[in-house]
Amino acid sequence: TAFIIFFKIQQPVSAFQKHWKYFYLTFGFSTFFGGLGHLFFYYFGIPGKFPCWIFGVLAAYHAGKAMLSINVIAPQKVIYFERLLILKGITFGLLALYFQSFLFVMADAVVTYLFFCLGFGLYYWKKGMHSFRYTVYAVLILFPSIFIFLLQINPHLWFNKDDLSHVLMATTIVFFYLGIINFDERTIHRHKLK
């Protein structure tokens, strides 16, 4: 799904579209290597999942960067949030590799999608940029994955917590795409934030 959407965003016309395009590319690689990590787990163990985790952290970075790149927030605030985004990704990424634990990758994703996508999405939507409602819906669709993973909720033997979480993730990235294609760059000047 991520790779299909990556190719659907032909020529990005803004930093907003460019970073979402990179999000889909890195998210696609994350899922590709995640599949290989699961398939060859008995050969490579936890280190076989590292490429998936690294690309997952990069995908979260690009989602956050996209939300900051629409030239609405004051530049000094953008610089602060960009530094926070980078520091968050490096910290959680290194912790995940050092402790060989997916929980840090999940924590990075939770912080990014709740704060940058949901938080800024709600703020922009409230300011009249209605395409961000899809970004908000996307995060709300993804939110139950946290509890599905942590509480080990397995609806069925052939449809476990991983399957359910992956269906929610695929739905989420489709809703992100709806937000991207419905965003009108011309509305930015009417919604400058302090």
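Residues numbered from 1 in each chain as written. Predicted model: local features only at pLDDT ≥ 70, side-chain atom pairs only at ≥ 80, totals over all residues. Heavy atoms only, no water.

Draft legend 1. Molecular detail of the nonpolar core. In terms of nonpolar packing, the biggest core is built from 38 residues, with W20, F23, Y24, Y113, Y124 and F176 touching the most fellow members. When residues of this core are traced back to their parent elements, those giving at least two are helix 1 (2–8), helix 2 (15–39), helix 4 (50–68), helix 5 (75–99), helix 6 (102–126), helix 7 (132–142) and helix 9 (161–182). Those residues in contact with Y113 that sit more than four places away from it in its chain are F23, A59, A60, A63, L118, V139, L142 and F176. Counting residues in each nonpolar core, the second largest holds 5 residues, with C52, W53, A96 and V105 among its members. (Core = buried A, V, L, I, M, F, W, Y, C linked by side-chain atoms within 4.5 Å. Buried < 20%, exposed > 50% of the residue type's maximum accessible area, 1.4 Å probe, protein only. Helix = DSSP H or I, 4+ residues; strand = E, 2+ residues; numbered from the N terminus. Contact = heavy atoms within 4.5 Å.)

Draft legend 2. A look at helix 6. With 25 residues, helix 6 should reach 36 Å at 1.5 Å per residue; the first-to-last C-alpha distance of 34 Å fits that figure. Its axis deflected by about 25° at Y113, helix 6 carries its strongest bend there. For helix 6, the full list of buried residues reads V105, M106, D108, T112, Y113, F116, C117, L118, F120, G121 and Y124. Each element contacted by the buried residues of helix 6 is listed here: helix 2, helix 4, helix 5, helix 7, helix 8 (144–150) and helix 9. (Expected span 1.5 Å × (residues − 1). Bend = angle between axes of the 7 residues up to and from the residue.)

The values are spatial; any link to function lies outside them.
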